[in-house]
Amino acid sequence: MSLTRRDLLLAAGASLAVTPAVAGAQAAPAKPEEAPPVRRTPAGRVRTLNGWSLPHRMNGGVKEFHLVAEEIEHEFAPGSKAICWGYNGSTPGPTIEATEGDRVRIYVSNHLREPTTIHWHGLILPSGMDGVGGLSQPKIQPGETYAYEFTLRQHGSHMYHPHADEMVQMAMGMMGLFVIHPRGGDHVDRDYALLLHNFALHPGTRRPDPAVMQDFDLWTFNSKVFPAIEPIVARSGERVRIRVGNLSMWNHPIHLHGVQFEVTGGDGGRWPKAQWRREVTEIVGVGQMRDIEFVAVPGDWAFHCHMSHHTMGPMGHDIPNTLGVDQRGVEERIRKMLPGYMAMGQHGMSEHQEHTDSGHMKGPENTLAMMAGKGPFGNIEMGGMFTVVKVRDDIAPGDFRDPGWYPNPPGTVARRVSSDPGFGTPVRRSGS
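The paragraphs below set out a description of the structure included in this document. (Residues numbered from 1 in each chain as written. Predicted model: local features only at pLDDT ≥ 70, side-chain atom pairs only at ≥ 80, totals over all residues. Heavy atoms only, no water.)

We now examine the overall build of the protein chain. Looking only at helices and strands, one finds four helices and 25 strands in the protein chain. The buried share of the protein chain, reckoned over its 432 residues, is 51%. Carbon and sulfur atoms form 54% of the exposed surface of the protein chain, whose accessible area is close to 21000 Å². (Helix = DSSP H or I, 4+ residues; strand = E, 2+ residues; numbered from the N terminus. Buried < 20%, exposed > 50% of the residue type's maximum accessible area, 1.4 Å probe, protein only. Areas by Shrake-Rupley, 256 points an atom, 1.4 Å probe, with all protein chains shown as cover.)

This is how it looks when you write it as structure tokens:
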């Protein structure tokens, strides 16, 4: 099987040297060079869409991880790259996985040009390990490495992010997931995780704008936009969990087609079964985690934010509404000033993807189209926070490869029955 980018990232993470000079830690941990021989242990019970889990090493009974805050080049989707900030070469940073009761030591090296910290969002720990710059600790200056050390006294889905120049650093992509498995485990066959975020990448630019919080954004799952977001793959009958965290600037109603899922937990860990709720859409508020679980049924099922503009690529806001406007008279005149201009929007935006796919409407450099992605029946006309749950009867346990499009059984696809606009005798309400 060919190596994927995920495999390469895991290999790179496994080769990280954990020999930092610790500055400002409350208790000096054992120096790695004085410790007995240790074995680096790969992580990976959780499948982070388009991401990876950070390997750790055991040192005197403590699980050691090493995060590096740094500037990176990130690709949101083919055709759009930006200079972002992240951890260990990626945004979001690698998922940290551990087990309730573990003692962890997390080295954080700052390769940025300004101070930073890390806040362990939702974790129960000593005040001095909470990571709020100026309040609970000195800031980590450029070139310094700090150590955070604490015992995990809970389980559940959690996050990490800076609490220093927070608006800028998070807007630039600095965040990650922290998953604490319960002692004794819990039964799910597939365990996925993703972070909701938004980036304001203005047309033709290469650095996100931290001053723009909602408009003209790239709305992302794990800093990717559709169609670059990996599918969620499962075998029919498997129990699937999706951990969803929100560090964007808006709340997101996350909707899954095809099943009624159960909301089983969040920042506070896995809830007692009596508290589970059956839903098809769950709002994940800013700063929240939510775990949803379901039994997979065959098909290709959309999984997305239900705010329609969050499933679109970059859009021009505050432009004139051209619905119903005949633009033929001005199109030729505008072309004299803007060669190649095409009037659109009189009948809706559906034609946008057709024109961009054909090359008629080339947008600004390094800027994605508003709609993208193709399915077995044509243009999907989506972007942003959208992916597909792909469930098949014949997928092997542990196989996460994209199985392609679902072969619908005969007679189970909606079909055309007429091309006559006057077909049938539909009842209409009168007098309104």
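Glancing now at the pairing of strand β7 (residues 103-110). With seven of eight residues buried, β7 is to be regarded as a mostly interior element. Pairing geometry for strand β4 (residues 62-77) and β7, over seven bridges, is parallel. The partner of V68 across the bridge, within β7, is S109. (Pairing = 2+ DSSP bridges.)

Another aspect to go through is the pairing of strand β21 (residues 289-295). In terms of residue burial, β21 counts as a mostly covered element, since six of its seven residues are buried. Two elements, strand β15 (residues 239-246) and β21, share seven bridges in a ladder whose sense is antiparallel. By the bridge assignment for β21, R239 is matched with V295. Two elements, strand β17 (residues 261-266) and β21, share four bridges in a ladder whose sense is antiparallel. Bridge assignment links G266 to a residue of β21, and that residue is R290.

Overall, mixed pairing links the four strands, which are arranged β6-β11-β10-β8 in an open sheet. At either end of the open sheet lies a strand with only one pairing partner, and these are β6 (96-99) and β8 (119-121). Within this sheet the neighbouring strands show an average axis-to-axis angle of 25°, counted without direction. Note: β8 against strand β10 (residues 156-161), three bridges, orientation antiparallel. Paired with H119 across the two strands is H161, which belongs to β10. (Axes fitted to C-alpha atoms, helices over the stretch in contact; angles between N-to-C directions.)

Attention shifts here to the environment of L247. Note that L247 resides in the loop between β15 and β16 (252-256). For L247, a relative accessible area of 6% puts it in the buried group. Residues L247 and M159 lie 88 residues apart in sequence; the distance between their C-alpha atoms is 8.8 Å. Excluding residues within four positions of it along the chain, L247 makes contact with M159, Y160, H161, M170, M175, L195, L196 and H197. (Contact = heavy atoms within 4.5 Å.)

Further remarks concern the sheet that holds strand β22 (residues 299-305). Ordered in space as β14-β25-β22-β16-β20, the five strands form an open sheet in which the pairing is mixed. The outermost strands of the open sheet, each flanked by one partner alone, are β14 (232-235) and β20 (281-284). When the angles between neighbouring strand axes are averaged without regard to direction, this sheet yields 20°.

Here the focus is the environment of W276. One can find W276 in the loop between β18 (269-270) and β19 (277-279). Measuring from C-alpha to C-alpha, the distance between W276 and I292 comes to 9.5 Å, with 16 residues separating the pair along the chain. If we skip the residues at most four places from it in the chain, W276 touches R239, E262, V263, T264, R270 and W271. Among the polar contacts made by the side chain of W276, one reaches the main-chain carbonyl oxygen of W271 at a distance of 3.0 Å. (Polar contact = N/O pair within 3.5 Å; in protein donor to acceptor, adjacent residues only side chain to side chain.)

Our next topic: the pattern of salt bridges. The tally for this structure, following the rule as stated, stands at 25 salt bridges. Among the salt bridges present, the one from E73 reaches R206, with a minimum N-O distance of 2.7 Å. Linking E73 in strand β4 with R206 in the loop between β12 (190-199) and β13 (218-221), this pair joins segments that are 133 residues apart in sequence. Judged by its relative accessible area of 47%, E73 falls in the partly exposed class. According to the relative accessible area criterion, R206 is partly exposed, its value standing at 36%. Across the pair D399 and R401 runs a salt bridge whose closest N-O atoms are separated by 2.9 Å. Classification of D399 by relative accessible area gives buried; the value is 18%. If you follow the salt bridges from partner to partner, you end up with D186, D191, R239, R241, R243, E262, R270, R278 and E293 in one network. (Salt bridge = Lys/Arg side-chain N within 4 Å of Asp/Glu carboxyl O.)

A few words now on unusual backbone geometry. In this structure, P92 follows T91 across a cis peptide bond, with omega equal to -10°. Here the residue pair F226 and P227 is connected by a cis peptide bond, since its omega of 10° sits within 30 degrees of zero. By secondary structure assignment, the location of P227 is in the loop between β13 and β14. Phi at N50 is positive, roughly 60°, even though this residue is not glycine. Tracing the chain through its elements places N50 in the loop between β2 (47-48) and β3 (56-59). Even without glycine at this site, D165 takes up a positive phi of about 45°.

On to the packing of aromatic side chains. Between two aromatic rings, the relevant description is the distance of the centres plus the angle of the planes. Throughout the structure, instances matching the rule amount to nine aromatic pairs. On the basis of an interplanar angle of 85° and a centroid distance of 6.0 Å, the ring pair of W120 and F178 is categorised as edge-to-face. Remark: F178 occurs in strand β11 (residues 176-181) and W120 occurs in strand β8; sequence separation between them is 58 residues. The residues W120 and F178 share a single accessibility class, namely buried. Residues F226 and F386 carry aromatic rings whose centres are separated by 4.7 Å and whose planes lie at 75° to one another, so their mutual orientation is edge-to-face. One end of the pair, F226, is in the loop between β13 and β14; the other, F386, is in strand β25 (residues 386-392), and 160 residues separate them in sequence. Of the two residues examined, F226 and F386, each falls in the buried class. (Phe/Tyr/Trp six-rings, centres within 6.5 Å; stacked < 30°, edge-to-face > 60°.)

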